[in-house]
Amino acid sequence: LNISVASKSPIGGGNLGILVSMKSLHLNNINLENQEMSILKIENWNRWSSKVIAHKNKLNQLVESNERDVWIGFGASARGCTLIKFSGLNRIRLIGDNNSLKHNKFLPNSEIKVMDLNSVLDINPTKILALAWNFLDELKNQLDNHGFKGQILVPFPTIRTLTDRKSTRLNS
């Protein structure tokens, strides 16, 4: 496979969108100023992979560790669904979302149901995983307006918990 197009995502916090193809094409629209961070070096991909696995393990440990916690997800975003599936977060059984087109549907290849926020909060969760972390302020405001008093776990860019609008960074 060959990288044919790579560009920075306008909403991904500096993430790269990469298109790969069978044909060898020229890279365009990307500036590889810092060669130590080059996307073309396998050692950088291996280092990144190790960080991803460590992040996944830490997140899984936090969500799965205490049996008394009642977890839900908030924001049925594609990136959040990918995170749940990749991390194997089995404690998340419901996801609240404001988009009525997603209500009473399930995450792909799972039994995780998406419902309106009121219905999900009726189970009295103690902790919420922010699955649309790029809209964190909006999520916090909605949860505050619904009277949620528990913890919010934000998985990216670093794992952190929010309690009473205070943030505690967890080493990941």
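Presented here is an overview of the structure given in this document. (Residues numbered from 1 in each chain as written. Predicted model: local features only at pLDDT ≥ 70, side-chain atom pairs only at ≥ 80, totals over all residues. Heavy atoms only, no water.)

## A word on the overall build of the protein chain
Okay, step 1: Within the protein chain one finds four helices and ten strands.
Okay, step 2: Each helix and strand of the protein chain, ordered N terminal to C terminal, gives the series β-β-α-β-α-β-β-β-α-β-α-β-β-β.
Okay, step 3: When the accessible surface of the protein chain is totalled, it reaches about 10900 Å², and 52% of it is carbon and sulfur. (Helix = DSSP H or I, 4+ residues; strand = E, 2+ residues; numbered from the N terminus. Areas by Shrake-Rupley, 256 points an atom, 1.4 Å probe, with all protein chains shown as cover.)

## Describing the layout of surface pockets
Okay, step 1: For the second largest pocket, the calculated volume is near 220 Å³.
Okay, step 2: Lining the second largest pocket are 15 residues, and of these Gly75, Asp97, Ala132, Phe135 and Leu139 lie nearest its centre.
Okay, step 3: For the lining of the second largest pocket, the element with the most residues is helix H4 (residues 136–145), which contributes three residues. (1 Å grid on protein atoms, 1.4 Å probe; cavity = no way out; pocket = protein on both sides within 12 Å on 5 of 7 lines; lining within 4 Å. Points joined across faces, edges and corners; volume = space filled by probe spheres on them.)

## Things to note about unusual backbone geometry
Okay, step 1: Of note, the amide linkage connecting phenylalanine 156 to proline 157 takes the cis form, showing an omega dihedral of 0 degrees.
Okay, step 2: Considering the arrangement of structural elements, one finds proline 157 in the loop between strand E8 (151–154) and strand E9 (160–163).
Okay, step 3: Of note in the backbone geometry, asparagine 109 takes a positive phi value of approximately 55 degrees without being a glycine.
Okay, step 4: Assignment of secondary structure puts asparagine 109 in the loop between strand E5 (105–106) and strand E6 (113–115).
Okay, step 5: For asparagine 109, a relative accessible area of 77% translates into the label exposed.
Okay, step 6: Of note in the backbone geometry, asparagine 124 takes a positive phi value of approximately 55 degrees without being a glycine.
Okay, step 7: Along the chain, the position of asparagine 124 falls in the loop between helix H3 (117–121) and strand E7 (127–130).
Okay, step 8: Accessibility expressed as a relative area gives 58% for asparagine 124, which makes it exposed. (Buried < 20%, exposed > 50% of the residue type's maximum accessible area, 1.4 Å probe, protein only.)

## Observations regarding the packing of aromatic side chains
Okay, step 1: Across all of its chains, the model carries two aromatic pairs by this definition.
Okay, step 2: Ring centres 4.9 Å apart and planes at 45 degrees place the aromatic pair tryptophan 133 and phenylalanine 156 in the tilted group. Of the two residues, tryptophan 133 sits in the loop between E7 and H4 while phenylalanine 156 sits in the loop between E8 and E9, which places them 23 residues apart along the sequence.
Okay, step 3: The exposure class assigned to tryptophan 133 is buried, which follows from its relative accessible area of 15%.
Okay, step 4: On the basis of relative accessibility, which here comes to 29%, the residue phenylalanine 156 falls in the partly exposed class. (Phe/Tyr/Trp six-rings, centres within 6.5 Å; stacked < 30°, edge-to-face > 60°.)

## Digging into the nonpolar core
Okay, step 1: By size, the foremost hydrophobic cluster in this structure holds 35 residues, and its most contacted members are Leu59, Ile84, Ile92, Ile95, Leu129 and Leu143.
Okay, step 2: Other than its neighbours up to four places away in sequence, leucine 129 contacts Leu59, Trp71, Ile72, Gly73, Phe74, Leu89, Ile92, Leu153 and Pro155. (Core = buried A, V, L, I, M, F, W, Y, C linked by side-chain atoms within 4.5 Å. Contact = heavy atoms within 4.5 Å.)

## Quick notes on the pattern of salt bridges
A side chain with one charge may pair with a side chain of the opposite charge, provided their charged atoms come close.
Okay, step 1: Inspection of the entire model under this criterion finds two salt bridges.
Okay, step 2: Close ionic contact of lysine 140 with aspartate 137 constitutes a salt bridge, the shortest N to O distance being 3.7 Å. Separated by three residues within a single helix, lysine 140 and aspartate 137 lie in helix H4, roughly one turn from each other.
Okay, step 3: Owing to a relative accessible area of 16%, lysine 140 belongs among the buried residues under this scheme. (Salt bridge = Lys/Arg side-chain N within 4 Å of Asp/Glu carboxyl O.)

## A word on a nonpolar patch on the surface
Okay, step 1: Nonpolar side chains collect at one region of the surface, where Leu1, Leu16, Ile18, Val20, Met22, Ile42, Trp45 and Trp48 lie side by side and expose about 880 Å² of accessible area between them.
Okay, step 2: When contributions to the nonpolar patch are tallied by element, the ones reaching two or more residues are strand E2 (16–21) and helix H1 (42–64).
Okay, step 3: Assignment of secondary structure puts valine 20 in strand E2.
Okay, step 4: Residue classification places valine 20 among the partly exposed positions, given a relative accessible area of 43%. (Patch = residues over 30% accessible without salt bridge, like charges linked within 9 Å, V, L, I, M, F, W, Y side chains within 5 Å.)

Interpretation in functional terms is not warranted from these geometric data alone.
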